[in-house]
Each structure stands twice: as C-alpha cells, then as structure tokens.
Amino acid sequence: MTNHMNHTFHMVNQSPWPLIGAMGAMITLTGTIKWFHQYEQTLMSIGMITMIMTTIQWWRDITREGTYQGLHTSKVTKGLRWGMILFITSEVFFFVSFFWAFFHSSLSPTNELGSMWPPTGIQVFNPLQIPLLNTAILLSSGVTITWAHHSILENNYNQGLQGLFMTVILGLYFTALQAYEYMESPFTIADSVYGATFFVATGFHGLHVIIGTTFLITCLMRHLTLHFSSNHHMGFEAAAWYWHFVDVVWLFLYISIYWWGS
Amino acid sequence: MTTWSCMNLQDSASPIMEQLIFFHDHTMMIITMILAMVLYFMASTIINELVDRYMLEGQTMELMWTIVPAVILLFITTPSLRLLYLMDEIHNPIMTIKTIGHQWYWSYEYSDFVNVEFDSYMTPYEGDNKSMFRLLETDNHVTLPMHSFIRIIVTAADVLHSWTIPSLGIKADATPGRLNQSSFMINRPGLLYGQCSEICGANHSFMPIVIESVSTENFIEWIKKLSE
Amino acid sequence: MPSLAVMASKKEVPQELSTAPFDPRFPNQNQTRYCWQSYVDYHRCRKLKGEDYAPCDYFRKCYESLCPFAWVEKWDTQREENRFPGKI
C-alpha cells in the first residue's frame, strides 16, 4: 500500500486485535463465572492474559501507525481527540451511577441501618489521615503532569521526562496508600450498603488510577524513545486528560464519601 | 367485580372511585371531541381539491393550535391533580389494617384494639358451584366496617406485589422493607374483589383479594370472634 | 386521636376504635419511618420516664397500629440481644 492518498483519513489495515480482544473478553467473562462457581481460575487467567496481550499489541500497532507511518494527520488526531472526550464522558456517567447509589442510601438511611449515616456499627476512616494525604498526592500529580505537558510543548525533553516520572511515582504512591488503607479497613464490602457503596466507588476509582498510571508509564517509555514532538503528542494529551479525570473523581469521592459521609 | 359484558369501570364502592369515574367520563368526552375534530380535518384535507400556492404561513392558525390544546390540557390537569391529592390525603383514619404480600397469598393484620392476623389464600374453583367466582375467592375475607375511614398499610415479605381493589379506586405497591399507606371509605356493604397487580412469580394470578364490607356492629362481632 | 363511638352491647368489645393519627412529620405515602420512629420513641420514653409512665403508651399504640408484627418481633429480639440498630 502506498501512503499517497487523495484524502486525509486513516484507512486502517486488517488487524487481528478486535477479534482476539473480543474473544479474550468473552473468555474472561466465562472464566470469571467459572471461578465463582468452581473456585478454579485457569480459564479466567487465560482470558486476562489474552486481553492484556491484545491491548499491548493493539496500541503498539497504533503507535507505529501514528508515529512511524505518519497516518495520524491533523484530521485523524481530531477524531482521536473526540473519541477520548466521549470515552471520558462515558466514564463520568459510570461514576455518576455510583454517586447516585451513595447519595440514595446516605440521604435517607433505612431503618435497618439505624436511620443514620454512617450506619450503626460502621467505624469509618478518618478523612484527615490517609485520604487527605491521597488528595494532596493526586493534586500534586496534577501539577507535575501539567509541568510535563508544558515542557513537551517547549521542546524541553529533560523536564518533560522529570514531570512524567514524578507523576508516575505519585500515581504508584497513591495506589500503595489505598492498598494499605484497604488492608487496615475495619469494615468489608459485605458490611451493609455503606461497605458496598464505599468499596465499589473507591475500588473502581482505584482501578482507574492503576489504568491511568499504566497509560502514563506508556507515555514515559514513548517519551524515552522520542515519540513526542512539541506539536504532535496526542497519546500524552489523552493520558493527561484521563489523569485529570481520575483526579477530579477522587475530589468528589473525598468530599462526599470520606468527608461528608463520615 | 366485573361480570359479563361489563366493558367499563366497575361500579364504585367509595367516594374516591365515584370521583375517578366522573374524571374518566370527563376526559373521555374531551378525547372524543378531539378525535372527531381531527377526523373531520383529515377528511376535509383529503377530499379538498383547492390549492393556494401562495400560502406560506398562518400566524393566527398557529397561535390557535398552540393555545387551544394548552387550554384543553388545563381542563384535564386541574381535576386530575385535585383527585391525586385527594387520594393522598389521610382524613383522620378510624382504624388501620396492614396487608403483607407473600408468594403467593396476602396476609392481614389488625392491631388497633386486639391483635389479629390471618392469611388469605385463594379457594380453588369448583366448577359446579354457581355462587363463586373463578380465581377470585379467598378462604379468609378482609372484613371491614363500612362508612368509616380506613388506613391501609401495604408491604411485602418477599418480592414486589401490589394490593388492588378496583371498585375502591385503590392500587398500592407492596415493597419489602417499606410501608406504603393508602386510605379509603367503603360506602356500601358487599364483597369487593381485587387481584395482585405486580408480577410476583409463578402464582401471581392466584392470590386474589376479597373485602367483606359490613356494618360496624357486625365488624366488632367478627373481630371479637377472631381474637378469641 | 380520632375515634368512633361504637354501640357496644358486650363487655369486652372496645368502646371506641382509634388508630395512629396523621403525623405531619410523615406526610408521604411512605410510612416506614413513622412506624420505626414510634418504636424507637416508645423505648426511649420508657428508658427515660420508667416502665409505668402512661404517656409512653401513645408511641406503642402508634407502632402497633403501623408496624407489621414480624418487624416488631425482629426488633424485640434485636433489642434483647443488644444489637438493635437504633439509638434507644
């Protein structure tokens, strides 16, 4: 195929990843159900490995198309940008549903909970300890990623690297603290609707932090191999948006669940 | 209950249902007039052969077909809201009964004076028994005094059910863990029939409700016998 | 409480019917909280004023009229086993 086309769109080549990814998702789903019923994780692990391998190779291909083949023209980038905006919007609504569940349960607690929030018998986390530290960490990571962004815009390779590196470290630090806090928790996901809303909301946020950190690590490695220029770094921008989204969700979680909810 | 060839609402047994029937007839009259008008307009546009090629707008007509429906809607919403709030009102209830939906029967509790509770199961249909209705009879009737305001608390023990008596104009969801309140006043003696109105499983159609409306004296006698 | 005098001939028949009145704190169709609050108030009242304080019976009347028997039994057991969720 030639790169000379009469239009600016990216006509993608045939790729195995959509099909293999779909099969991986199906195997993961089936395997998870098998795990629930038969306490046997093999099928689920095969599915997960398939999915992880697919995502790695799929995005490797996209990187090649964008960075080495020059297929991501400004028009294509515009499409990618819209795709990321819509994806994050859908993620926002995903979290809206958890907040809805939380406020539904906490604003008029049922009599089974003792008609109060937090429910009778639930010892909550002190919002001024680890959660406040986590807030500070995520806010700082917002600063460092903006620092990295401005450095890339000004062709400052070293500071871009430092900013990205610091952001990744702060992301890992956040995850470590959340893991520690989960281990210390005096209540479980099975402890009333408090435990359920708490762990589902903060757990999915934690998952998004891990995904965001992986995204940032990918950007860090691409930066090390000089993939980003001052006028074309869509992958980095997407990671930065995603990171800010995770940050904002945490602020809402902190204010409503940790602080107001205690 | 509805008998053969009864195509309309059941006869009312409470003031609220009377009002509901009036509202139904009122709205039916309006919809019939609208239907007739629209049919006439459609027929005349189809039959009409005159064409005005220069008519591009009709401000007066547009104004009319905006304002007139708004006024018609007002004539529907006003009595509708009045009734809605009237049905919600609790006018000094004389007594409270509780009904609890189960899979698949209703149980009833009277606890204002003596504590009485019983289950109400459907009685199987006996084909040759001319004095019973199919799928509507229960072994224990909910006996209630007529001419008095009664509060009913509706809830469920397992899944969603719905407690309904069409001739009283009552339908209240029965939800586990929640107490729903409704009220009514029966204005004549007799048997009032209803059925579970929320799909609740295999035997949803086989948990009917029968109210036996009696005089206050007979009611007292009945509850006294039950509590012994 | 609203009441209706009943022409009663026999001795054990209650002289009037009465039930939990309309409570403006619970103006909605959902009366769950009215039942629960009356139960909690009754036991709070007895704890504060003693078991023989007659006005507490008002709350008992309310919760007995409104709460399903199964709920009251469950809460009584929870109170006995010191695991009732409400503050009494």
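Here the structure is a predicted model, which is why all the values come from computation and not from measurement.

Of all two pairs of chains sharing an interface, the pair with the highest contact count is chains B and C. A minimum C-alpha distance of 9 Å separates chain A and chain B, which share no contact.

All names here are of chain B. In spatial order, the strands read β3-β2-β1-β5-β8; together these five strands make up an open sheet with mixed pairing. Only two strands of the sheet have a single neighbouring strand rather than two, namely β3 (116-120) and β8 (180-185). Averaged over all adjacent pairs, the angle separating strand axes in this sheet is 25°, with direction ignored. By the bridge criterion, seven bridges tie strand β1 (residues 95-102) to strand β5 (residues 149-156) in an arrangement that is parallel. Paired with I97 across the two strands is I152, which belongs to β5.

Let us now look at the interface of chain A and chain C. Between chain A and chain C, the residue contacts involve seven residues of the former and nine residues of the latter. Where chain A abuts chain C, roughly 590 Å² becomes buried across the two surfaces, and 52% of that area is made up of carbon and sulfur atoms. Among the residues chain A hides against chain C, the three largest losses belong to N111(A), S115(A) and M116(A). Together they make up 65% of the total. If you look at where chain A meets chain C, you find two residue pairs in polar contact (both at pLDDT 80 or more). Of the residues assigned to the side of chain A that touches chain C, the class counts are two nonpolar, four polar and one charged.

All names here are of chain B. The element β1 is largely enclosed, with a buried count of eight among its eight residues. The alternating pattern of β1 places M95, I97, T99 and G101 and T96, K98, I100 and H102 on opposite faces, both of which are buried. The sheet contact formed by β1 and strand β2 (residues 105-110) spans six bridges and is antiparallel. Looking across to β2, one finds that G101 is bridged to W106.

The subject of this paragraph is empty space enclosed by the protein. In this structure the tally under the stated criterion is one cavity of 30 Å³ or more. In this structure, the largest cavity encloses a volume near 50 Å³. The wall of the largest cavity is formed by M87(B), D88(B), E89(B), I90(B), Q181(B), S182(B), S183(B), P27(C), N28(C) and Q29(C). Within the residue set of the lining of the largest cavity, elements represented by two or more residues are α2 (59-88) and β8 of chain B. Of the residues forming the lining of the largest cavity, the biggest block, three residues, is contributed by β8(B). A class-by-class count of the residues in the lining of the largest cavity yields three nonpolar, five polar and two charged.

Moving on to the domain arrangement of chain B. All names here are of chain B. With domains assigned, chain B is organised as domain 1 (15-49 + 57-88) and domain 2 (95-227). Here the C-alpha centroids of domain 1 and domain 2 sit 37 Å apart. Domain 1 puts six residues into the contact, and the matching count from domain 2 is six residues. Buried area between domain 1 and domain 2, both sides added, is near 430 Å², and the carbon and sulfur share of it is 48%. On the domain 1 side of the interface with domain 2, the three residues burying the most area are P15, M17 and M87, jointly 77% of the side's total. Scanning the region where domain 1 abuts domain 2 turns up zero salt bridges. There are zero residue pairs in polar contact (both at pLDDT 80 or more) connecting domain 1 and domain 2. Of the residues forming the side of domain 1 that touches domain 2, the biggest block, five residues, is contributed by helix α1 (residues 15-47). Here the side of domain 1 that touches domain 2 is built from residues that sort into five nonpolar, no polar and one charged.

Basis of the calculations
- In this numbering scheme, every chain counts its residues from 1 along its sequence in written order.
- Numbering of ligands from 1 and lettering of chains from A proceed in the order in which they are written.
- Local features in this predicted model are restricted to residues of pLDDT 70 or higher, and side-chain atom pairs are both shown and tallied only at a pLDDT of 80 or more, whereas totals for entire chains, interfaces and linings draw on every residue.
- Side-chain measures were taken over the full set of non-hydrogen atoms in the model, leaving aside hydrogen atoms and water.
- For this analysis, residues touch if any pair of their heavy atoms sits within 4.5 Å.
- Whether two strands pair comes down to DSSP finding at least two bridges between them.
- Numbering of helices and strands starts at the N terminus; helices are DSSP runs of H or I of at least 4 residues and strands are runs of E of at least 2.
- To define axes, lines are fitted to C-alpha atoms, for helices over the stretch in contact only, and angles between the resulting N-to-C directions are given on a 0 to 180 degree scale.
- Accessible area, probed at 1.4 Å, shrinks when two parts are joined; the buried area is that loss added up over both.
- Polar contacts, as used here, are pairs of N or O atoms within 3.5 Å; protein pairs need one atom able to donate a hydrogen and one able to accept it. Residues neighboring in sequence count only if both atoms are side-chain atoms.
- Note on residue categories: nonpolar means Ala, Val, Leu, Ile, Met, Phe, Trp, Tyr, Cys or Pro, charged means Asp, Glu, Lys or Arg, and polar means any other residue, Gly included.
- Per-residue accessibility, obtained with a 1.4 Å probe over protein chains only, is compared with the maximum for each type, and a residue is labelled buried under 20%, exposed over 50%, and partly exposed between these values.
- Residues are said to line a cavity or pocket when one of their atoms sits within 4 Å of a point; the points come from a 1 Å grid over protein atoms alone, cavities being sets where a 1.4 Å probe fits but cannot get out and pockets being open sets with protein on both sides within 12 Å along at least five of seven lines.
- Grid points are joined across faces, edges and corners, and a volume is the space filled by probe spheres set on the points.
- For the purposes of this description, domain bounds are those given by an automatic or database domain assignment.
- Between Lys or Arg on one side and Asp or Glu on the other, a salt bridge is scored when a side-chain nitrogen of the former is within 4 Å of a carboxyl oxygen of the latter.

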